[in-house]
Amino acid sequence: MNQVIRDPRPSGTPLDPDELRVTRLRAVRGPNFWRLAPVIACDVTLGSLEDVPSTEIPGFNERLMSLLPSLREHPCSRGTEGGFVERLQEGTHLPHIMEHVALELQTLAGTDVSFGRVVESGDPGVWWLIVAYEEEEVGLQAMRETLRLVRACMGGQPFDIEACVEDLHDLFESTRLGPSTGAIVEEARRRGIPVRRLNNHSLVQLGLGRNLRRVQAAMSDYTSAIGVEIAQDKDDTRRVLGAIGLPVPEGMTARTVEAALDAAREIGWPVLLKPLDASHGRGISGSITGEEGVRAAFEVAQGYSRRVVVEQFVTGRDYRVLVVDGRVAAVAERVPAHVVGDGHSTVAELIRTANQDPRRGKGHSRTLTRLPDDAATDVYLASRGLTQQHVPAEGEQVFLRATANLSTGGTSIDRTDEIHPDNVTACEMAAGVVGLDIAGIDVLSPDITVPFRENRAVIIEVNAAPGLRMHTHPSEGPPRNVGAPIIEMLYPPGQPYTIPVIAITGTNGKTTTTRLTAHLFRQTGKTVGFTTTDGVYLQDRMVMEGDMTGPFSANIILSNPTVDVAVLETARGGVIRAGLGFDECDVGVVLNVSADHLGLRGINTVEQLAEVKSVVPAVVKREGHAVLNADDPLVYRMRDRSGGDIVLFSTRREGENPLFEDHIERGGIGARIEDGTFVIRRGRLRIPIATVREVPLMMGGAARFQRQNILAAIATAYVQGVRYDTIRAGLLSFFPSPSMTPGRLNLMRVGNARVLIDYAHNPAAVEGLVEMVTEIPARRRIGVITAPGDRRDEDIRGLGRLCASLDRVIVKEDTDTRGRAPGEVAGLVIDGLREGGMHGDCIETVLDEMEAVDHALREVGEGDLVMVLADKVPPVLAHVQRYADGAAAL
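Okay, so let's go over this structure. Residue positions are given per chain, counting from 1 as you read along its sequence in written order. Where totals are concerned, whole chains, interfaces and linings use all residues; where local detail is concerned, this predicted model gives features only for residues with pLDDT of at least 70, and gives and counts side-chain atom pairs only at 80 or more. The basis for every side-chain value is the complete set of non-hydrogen atoms in the structure, without hydrogens or water.

Quick look at the state of the cysteines
Any two cysteine sulfur atoms within 2.5 Å of one another count as a disulfide. Under the definition given, this model contains zero disulfides. Just so you know, Cys 76 is unpaired, no disulfide at all, and the nearest cysteine sulfur is the one on Cys 153, 17 Å from it. Its sulfur unpaired, Cys 153 is 11 Å from the next cysteine sulfur, which belongs to Cys 164. Here's how the labels work: a residue is buried when its accessible area is under 20% of the maximum for its type, exposed when over 50%, partly exposed in between, all with a 1.4 Å probe on protein chains only. Looking at Cys 153, the relative accessible area reads 1%, which means it is buried.

Here it is in structure tokens:
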């Protein structure tokens, strides 16, 4: 979009900002047509604004730059700062402006994004607007606000940019991962471990299939439920620790004020009160020296828990010791929220000044949490004889809370290198006896460098799911990468974190290749999950029915902890609509690319379709393999997009494909047919698998179109380490039957006739099927055919022409004609049949699929072959089976 647009409208024609519209707004979460990373995508329509440049909208540029002056930093296509402003002043397209606004709003909200594109969709008046995002909800909302902002600038309407940015920032802080989960996820990604967010909070899946692990904040699926129960009950914690000789403060629990008073008297003053099972320092009192203090603190504590702990008050510095997998990983000293006097500002003013520090934010969203100025602050200050209007002397510290939790404004100082070895042992024992894989041990000690037994230190709590922010972002001292020991606990050295992921795409043959590949892997004894246009399968059991070739179905398999191998049919629709359901694959297979679904979702040429499908080899791991059809120029070209090793297959005779021959000469891996045998080639090494005639899928050699599918499947199994004799056994035990390949080359006998049922629905697939049918001996060949209604008219007529070599044709229609009038698709198919030379007497129209099948079976005779292009495969198979059963009974 580098051209300068000139407005062709007559001068004075009013602009209508509402003509600028955004539709099909969505988050594309996986690698996709536009980018191998998540994007926000939408369609932008302009109406009469299509050719209106920014310079022809009075005051637009000035209003836009006054709202977003930081747009001056955008280099745009000029490559230097200020490039976008230059384009704006020259006159640029509205979708291009929206791209930059959407990115800038996300940047101002706190995210780091820079990728954006505007692409002609191929549909008149529709542009694709694509921008990167970090947090999905922020990206979507930023695009909505972009539309509002640009419309406001066009119409000269007010727009509250500060409120907009603040709302987006708040949305970012509320939706992004918290600091603890974030630290673990960051380390996982650094190690190449797949990460999948499972909800809008902090539940995250690491790894895939059998090797997946789940974490939520600093809690893992290894965390003991009993350990968590003990840690949540402060009285149980104290008893368990005391039972193995660890130092703990004396304490009791109370349900009533009177019981709390009795406990305080027995323990001896001073005491503190805290809820039995609260967290983040909620409801904990300071030092209490009298009965009135107990009464007041009891009321506060009981607001969080019915049982209240009365405990000996111990003085000392507050330390948090993080123990991961039985070893101390980090130590931090925690300092309660406080201000330092300057001699003239009140406590309230000092709090406001401190909270202007950009490092401070709400909750755990920033390195530091905002200092509290709430009612609890007033209560704590009052207990010290102070108010927020007190003016501290210069250098005087005024604490705002009794506890040092970071969530209430406390700060942390790293002390990892200072803790005494004896104290390390004590803390590791505490985590072990409670039974936590990740534990935060709270210690009160005058000095962590001195053994606990020598300075009357005590362990006051053991926390499950301890916060990690104090270690990763201390206020003082070096940050500690505590995510690393957690990941090493979940995935010890040498333990795999993923499973083989095989992605299969192409125009024709995807489902058969997927099923055959899954079958080959099942021969190894592994549990295989696979997805097809029929449904989602675990081994040979369907777990969900429907067209399952997108990211939703991939997630079902990859999130199943019983799956050893994932084989995923990957269709173009899912790639465009939502991206891939995985970030990387071990094997990416592309079978072929031919005209299908053209004219849909902006894909109007075969070259564009190839670009969509090339996303699969583009995400193959460096140590993985891209299995490509060397006979298809569009597929062969995809080798340049893949970072993995290239594996080629070819159905041509030896010497006929120089690309394949050169690949083998250079020691590459390939698969082809030599002397009537499917073979794997690795340079000069030749591994025969099975002859063409003994492979059931080939139907004695008649099903020539199955060669690609078989070659791709055996090459995939080979590069994944499946033994060649296992590949052979799988190939010979895979039949084109309704149970193994429903709707794919299902040949059934009805009396003395045969019925072939197949899901073929595009010209290339139908051409291969008709070629096979003509090679099967038959008295008459009868077709029951149609085409999907969302194909182009020429494609539908072309399908008819391909079937004109049959002896007789019954034309039907799918139940869903996809926007076409009843009979319209049938009419186009009939036009194609006639163009192909079929006489009108050989053509009948029966629109309902079941009635059309009935009609064909009623007139079928001995030796006839009926070819059914099925839409609703299971009902058609069941219907024909009833005829077959009836004929057998007779």
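Now that the structure has been shown, we can carry on.
Notes on a nonpolar patch on the surface
In this analysis, a patch consists of residues with relative accessible area above 30% that form no salt bridge, clustered at 9 Å for like charges and at 5 Å for the nonpolar side chains Val, Leu, Ile, Met, Phe, Trp and Tyr. Surface accessibility follows the Shrake-Rupley procedure with a 1.4 Å probe radius. Residue values consider only the protein chains on display as shielding. Between Lys or Arg on one side and Asp or Glu on the other, a salt bridge is scored when a side-chain nitrogen of the former is within 4 Å of a carboxyl oxygen of the latter. On the surface, Val 543, Met 544 and Phe 552 cluster together into a nonpolar patch covering about 280 Å² of accessible area. The topology assignment puts Met 544 in strand β24 (residues 541-545). A helix here means a DSSP run of H or I that spans at least four residues, while a strand means a run of E at least two residues long, and both kinds are numbered starting from the N terminus.

So, the layout of surface pockets
Roughly 680 Å³ of volume is contained in the second largest pocket. Forming the boundary of the second largest pocket are 27 residues, of which Ile 284, Ser 285, Val 300, Ala 376 and Val 379 lie nearest the centre. Ranked by the residues each element gives to the lining of the second largest pocket, the list is headed by helix α12 (residues 375-383), at five residues. Three classes are used: nonpolar for Ala, Val, Leu, Ile, Met, Phe, Trp, Tyr, Cys and Pro, charged for Asp, Glu, Lys and Arg, and polar for all others, with Gly counted as polar. For the lining of the second largest pocket, the residue count by class is 11 nonpolar, 12 polar and four charged. Using a 1 Å grid laid over the protein atoms alone, points where a 1.4 Å probe fits but cannot get out form a cavity; open sets with protein on both sides within 12 Å along at least 5 of 7 lines form a pocket; any residue with an atom within 4 Å of a point counts as lining. Grid points are joined across faces, edges and corners, and a volume is the space filled by probe spheres set on the points.

Quick notes on helix α29 (residues 849-859)
An α-helical segment advances 3.6 residues per turn. Residues three or four places apart therefore align on the same side. If you check which residues of α29 are buried, you get Glu 849, Ala 852, Val 853, Asp 854, Ala 856 and Leu 857. Whenever a nitrogen or oxygen atom comes within 3.5 Å of another N or O atom, the pair is scored as a polar contact, on the condition that within protein one atom can donate a hydrogen and the other can accept it, and that pairs from neighbouring residues in sequence are kept only if both atoms are in side chains. Structurally, the start of α29 carries an N-cap: the backbone nitrogen of Met 850 is 3.2 Å from a side-chain oxygen of Asp 848.

Some words on the sheet that holds strand β11 (residues 308-312)
In this description, strands pair whenever DSSP reports at least two bridges between them. One open sheet accounts for three strands, arranged β9-β11-β10; its pairing is antiparallel. At either end of the open sheet lies a strand with only one pairing partner, and these are β9 (251-254) and β10 (271-275). Strand-to-strand twist of the sheet, defined as the mean angle between neighbouring strand axes without regard to direction, takes the value 25°. Judged from the five bridges that link them, β10 and β11 form a sheet pairing that is antiparallel. Bridge pairing links Pro 275 to Val 308 in β11. Residue contacts are defined here by distance: any two heavy atoms, one from each residue, within 4.5 Å place the two residues in contact. In this analysis an axis means a line fitted to C-alpha atoms, helices contributing only their contacting stretch, and an angle means the value between N-to-C directions, from 0 to 180 degrees. On top of the sheet, helix α10 (residues 291-301) reaches β9, β10 and β11; it is set at about 20° to β10, its chief contact.

Observations regarding the pairing of strand β28 (residues 645-650)
Taken together, the five bridges between strand β27 (residues 620-629) and β28 define a ladder with parallel strand orientation. Each bridged residue has a counterpart across the sheet, and for Leu 628 the counterpart in β28 is Leu 648. Relative to strand β29 (residues 669-674), β28 runs parallel, the two sharing four bridges. Bridge pairing in β29 places Ser 650 opposite Arg 672. The crossover handedness rule: strands pointing away from the viewer, path from first strand over the helix to second strand clockwise, crossover right-handed. The parallel pair β28 and β29 is bridged by helix α23 (residues 658-665), and the resulting crossover is right-handed.

What to know about the environment of Leu 246
Turning to its location among the elements, Leu 246 is positioned in the loop between α8 (234-243) and β9. By relative accessible area, Leu 246 is classed as buried at 8%. C-alpha of Leu 246 to C-alpha of Ile 459: the two residues are 213 residues apart in sequence and 7.6 Å apart in space. In this view, Leu 246 contacts Leu 241, Ala 426, Met 429, Ala 430 and Ile 459; residues no more than four positions away in its chain are not counted.

Digging into the sheet that holds strand β30 (residues 677-682)
Taken in spatial order, the 11 strands line up as β24-β23-β22-β25-β21-β26-β27-β28-β29-β30-β31 in an open sheet, and their pairing is mixed. Each edge of the open sheet is held by one strand with a lone partner, namely β24 and β31 (685-691). The sheet shows a mean angle of 15° between the axes of neighbouring strands, direction not considered. Of the pairings in the sheet, the one linking strand β21 (residues 501-505) to strand β26 (residues 585-590) comprises four bridges and is parallel in character. Across the sheet, the residue bridging to Ile 504 is Val 589, located in β26.

Quick word on empty space enclosed by the protein
Within the structure shown, the criterion is met by three cavities of 30 Å³ or more. Lining of the largest cavity is provided by 16 residues; of these, Thr 549, Gly 550, Pro 551, Thr 570 and Gly 581 occupy positions nearest its centre. Where the lining of the largest cavity is concerned, the elements lending two or more residues are α18 (551-558), β25 (565-569) and α19 (572-577). Looking at which element gives the most residues to the lining of the largest cavity, the answer is α18, with three residues. When the residues that make up the lining of the largest cavity are grouped by side-chain class, the tally is seven nonpolar, eight polar and one charged. For the second largest cavity, the calculated volume is near 40 Å³. Lining of the second largest cavity is provided by Lys 234, Thr 237, Arg 238, Leu 241, Val 248, Pro 249, Lys 274, Glu 311, Ile 459, Ile 460 and Glu 461. Looking at the lining of the second largest cavity, the elements that each hand over two or more residues are α8 and β20 (458-464). The greatest single-element share of the lining of the second largest cavity, amounting to four residues, is contributed by α8.

A look at a negative patch on the surface
We score Asp and Glu as negative and Lys and Arg as positive, and we do not count His or the chain ends. Charge positions come from single atoms, namely NZ of Lys, CZ of Arg, CG of Asp or CD of Glu. A surface patch of negative charge is lined by Asp 160, Glu 162, Glu 166, Asp 167 and Asp 170. Its location among the elements puts Glu 162 in helix α5 (residues 161-175).

Focus on α23
Within α23 the residues assigned to the buried category are Phe 660, His 663 and Ile 664. One side of α23 holds all its buried residues, which, seen down the axis, span an arc of 95°. Exposed and oriented more than 90 degrees from the buried face of α23 are Pro 658 and Glu 665. Taken together, the buried residues of α23 touch β28, β29 and β30. Note on α23: the residue one or two positions beyond its end, Gly 667, has a positive phi of about 85°. To obtain the arc, one takes the directions from the helix axis to the C-beta atoms.

Observations regarding the pattern of salt bridges
In this structure the tally under the stated criterion is 59 salt bridges. With a closest N to O distance of 2.3 Å, Glu 145 and Arg 148 form a salt bridge. With Glu 145 and Arg 148 both in helix α4 (residues 136-155), this residue pair falls three residues apart, about one helical turn. Judged by its relative accessible area of 11%, Glu 145 falls in the buried class. Its relative accessible area of 47% is what places Arg 148 among the partly exposed residues. In this structure, Asp 422 and Arg 453 form a salt bridge, with 2.9 Å as the shortest nitrogen-oxygen distance. Remark: Arg 453 occurs in helix α14 (residues 452-455) and Asp 422 occurs in helix α13 (residues 421-434); sequence separation between them is 31 residues. Look at Asp 422 and you get partly exposed, because its relative accessible area is 31%. The network of salt bridges with shared partners includes Glu 654, Glu 661, Arg 672, Glu 674, Arg 681 and Arg 686.

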